[in-house]
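One-letter residues, chain by chain:
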Amino acid sequence: MTVPLIRPADPDRDAAACAAIYAPHVDDSHISFEDRAPDATAMAARIERTQRAYPWVVAERDGEVTGFAYADTYKERPAYRWAAAVSVYVGDAERNRGTGRALYLELFDRLRRQNFRIARAGITLPNPASVALHHRLGFVEVGISRAIGWTAGAWRDVALYQLDLAPPGEGPPPEPLPPG
């Protein structure tokens, strides 16, 4: 199994592919809590906004984007600034090929270089593939929000997972850095 090329997302070049990968998670499943899948223009705006403070990476095989992962604000209050919410999505052809893992590992490396300490993921249940991926990467379940969102015709639980990117240490940590 070959590992795809992982690189930073380019909003102009990659937004349409990211939107196409993400759309089935919105339109055809309970995974996303969005009502409508974003189009390429909206996805480009998301990538640009996100990259001001957090990494967004894409996987590429034979010149085609096949998946993406990104980090974003976990919570707005200042004490949370060392934590990042993380997400990963891969196209159907990339499932079980190590692409999600490769994307996440690159994302976590970039977050560590920016001085982030915690990665937080929310997984709409049921989603055994995502739960398994997060467990394999060392995430631990830290809670479940019961019936927290209505999507795909039902109330859905969201499992909350956390990965320590760095040990807590004593005293205040260095401030998070911009992506780079």
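Residues numbered from 1 in each chain as written. Predicted model: local features only at pLDDT ≥ 70, side-chain atom pairs only at ≥ 80, totals over all residues. Heavy atoms only, no water.

(A) The sheet that holds strand β3 (residues 64–73), seen in detail. Read across the open sheet, the seven strands follow the order β1-β2-β3-β4-β5-β7-β6; overall the sheet is mixed. Edge strands, defined here as strands with exactly one partner in the open sheet, are β1 (5–8) and β6 (140–151). Averaged over all adjacent pairs, the angle separating strand axes in this sheet is 25°, with direction ignored. Of the strand pairs in this sheet, strand β5 (residues 118–124) and strand β7 (residues 154–164) are connected by seven bridges, and their pairing is antiparallel. Bridge assignment links Ala-121 to a residue of β7, and that residue is Tyr-161. Taken strand by strand, helix α1 (residues 11–27) contacts β1, β2 (56–61), β3 and β4 (83–90), and its axis lies near 85° from that of β3. (Pairing = 2+ DSSP bridges. Helix = DSSP H or I, 4+ residues; strand = E, 2+ residues; numbered from the N terminus. Axes fitted to C-alpha atoms, helices over the stretch in contact; angles between N-to-C directions. Contact = heavy atoms within 4.5 Å.)

(B) Summary view of the pattern of salt bridges. This model, assessed by the stated rule, comprises 12 salt bridges. Arg-7 serves as the salt-bridge partner of Asp-14, at 2.8 Å between the closest nitrogen and oxygen. Across the pair Arg-110 and Glu-106 runs a salt bridge, and its minimum N-O distance is 2.7 Å. Of this pair, Arg-110 and Glu-106 both sit in helix α3 (residues 99–113), four residues apart, roughly one helical turn. Taken together, the salt bridges that share partners define one network made up of Arg-7, Arg-13, Asp-14 and Glu-60. (Salt bridge = Lys/Arg side-chain N within 4 Å of Asp/Glu carboxyl O.)

(C) Representation of α1 in the model. When the terminal C-alpha atoms of α1 are compared, their 22 Å separation across 17 residues agrees well with the 24 Å that a helix rising 1.5 Å per residue should span. Along its length, α1 reaches its greatest deviation from straightness, about 30°, at Ile-21, and the proline Pro-24 lies no more than four positions downstream. What α1 keeps buried is the set Pro-11, Asp-14, Ala-15, Cys-18, Ala-19, Ile-21, Tyr-22, Ala-23, His-25 and Val-26. (Expected span 1.5 Å × (residues − 1). Bend = angle between axes of the 7 residues up to and from the residue. Buried < 20%, exposed > 50% of the residue type's maximum accessible area, 1.4 Å probe, protein only.)

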